[in-house]
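In case you want the letters, here they are:
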Amino acid sequence: MNTGSLPGGGRRLLPTTAAVELQVHALQSVTSFDTGVEALKSMSSLEGGVCTFGVLRYGAHYDPADLVQRFHRRYPKVKVRLVGLNSLAVAESVLSGEIEAGLIVLPVAEAGLQVRPLFRDEVFYVSATRSPTRGPVTIEELTESKLVLYDAFAGWQDPTRRQVLERARLKGLKIDPAIEVEHVDTALGLVATGAADTFVPQAIVNGPGFPKNVHAVPFAEPLYDTIALIQREGAYLSPATRKMAQMAARTLLARVTPGQDVRGA
């Protein structure tokens, strides 16, 4: 501080140039802090912020639209960002912090993840040409069938494919799909034409868009997708995402039939 003279002989304090510049930065820091506090308050009270949540690629068959609608109706000021990816990609995105939490199909590499299994959804072999009167499908028959498989980008890293591939390997067999596509609906369209067969979970078989001329039969050794809720181990979930995760779990479990719930397993 500099000093200056007052008319009555007194002295007054005058800020130096450095002090004036520092005051500008101090005011900016206080403003930024206040803004941050307000942002935290809005997120904590669910009066703002963004909920980022990952869903398995065919999550549409578990009706996420209804979930988002109810969430948004309850918390209209929270922005919702639902990211639909293969379970492998959802798990990787949660690990990297790109997505806070999500729903996936197991198995995935669980290191670094907090995994909460919710329920099992049986997987069926679906075909327009194979008669269901022939009974369940064996792994031997599957390996000899003409197949169209979806989730082409994930390939054999896809959790459902991994289960089937492991079963074939245990018997010294290989699975070589004739066609690979990215979306399950594209695969079902090809199945409906008789071009090839595939396998899908019961949620898709029971869905309104499932082709009427396509028959679903179980595997001789029943096959299941285990749906799980994941987040990064030790990570803090924003209040919005935590609430979305709770609502997603409740919504899915409300549709579970006896024997599907695996929370106590």
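Residues numbered from 1 in each chain as written. Predicted model: local features only at pLDDT ≥ 70, side-chain atom pairs only at ≥ 80, totals over all residues. Heavy atoms only, no water.

**A word on the sheet that holds strand E10 (residues 215-232)**
Keep this limit in mind: Strand pairing is assigned whenever DSSP identifies at least 2 bridges connecting the two strands. Each helix is a run of DSSP H or I of at least 4 residues and each strand a run of E of at least 2, with the numbering of both proceeding from the N terminus. Orientation is described by lines fitted to C-alpha atoms, with helices fitted over the stretch in contact, and by angles between N-to-C directions that extend from 0 to 180 degrees. By definition, residues are in contact when any of their heavy atoms lie within 4.5 Å.
Taken together, the six strands give an open sheet; going across it, the order is E4-E3-E5-E10-E6-E9, and neighbouring strands pair in mixed fashion. Only two strands of the sheet have a single neighbouring strand rather than two, namely strand E4 (79-85) and strand E9 (198-201). Ignoring strand direction, the axes of neighbouring strands in this sheet form an average angle of 25°. Note that strand E6 (residues 113-127) and E10 share 14 bridges and pair antiparallel. Across the sheet, residue valine 123 finds its bridge partner in E10, namely leucine 223. Packing of helix H3 (residues 87-96) onto the sheet brings it into contact with strand E3 (50-56), E4, strand E5 (101-106), E6 and E10, and relative to E5 it is tilted by some 140°. Packed on one face of the sheet, helix H5 (residues 159-170) meets E5, E6, E9 and E10 and runs near 130° to E10.

**What to know about the confidence of the model for the protein chain**
The following threshold applies: Confidence of the prediction at every residue is given by pLDDT, a number between 0 and 100.
On average, residues of the protein chain score 83 in pLDDT, and 78% of them reach the 70 mark or higher. Here residues 25-44 is modelled with pLDDT under 50, and outside its nearest four sequence neighbours on either side it reaches seven contacts, counting other chains as well.

**What to know about the packing of aromatic side chains**
The cut-off we apply is this: Pairing of aromatic rings covers Phe, Tyr and Trp, the last through its six-membered ring, and needs centres within 6.5 Å; plane angles under 30 degrees mean stacked, over 60 mean edge-to-face, and all others mean tilted. The rule is simple: take the accessible area with a 1.4 Å probe, protein chains only, and divide by the maximum for that residue type; under 20% is buried, over 50% is exposed, in between is partly exposed. Placement of a charge over a ring requires the Lys NZ or Arg CZ to be within 6 Å of the ring centre, with the centre-to-atom vector within 35 degrees of the ring normal.
One pass over the full model with this rule turns up three aromatic pairs. Measuring from centroid to centroid gives 6.4 Å for tyrosine 125 and phenylalanine 219, while their planes differ by 90°, and the two rings are edge-to-face. Separated by 94 residues along the polypeptide, tyrosine 125 in strand E6 and phenylalanine 219 in strand E10 bring together distant segments of the chain. Here tyrosine 125 and phenylalanine 219 have matching classes, each one buried. Of the residues examined, phenylalanine 219 reaches a relative accessible area of 5% and is grouped as buried. Through pairs of rings, three or more aromatic residues link up here, namely Tyr125, Phe199 and Phe219. The lysine or arginine in question, arginine 161, covers the ring of tryptophan 156, its NZ or CZ lying 5.1 Å from the ring centre.

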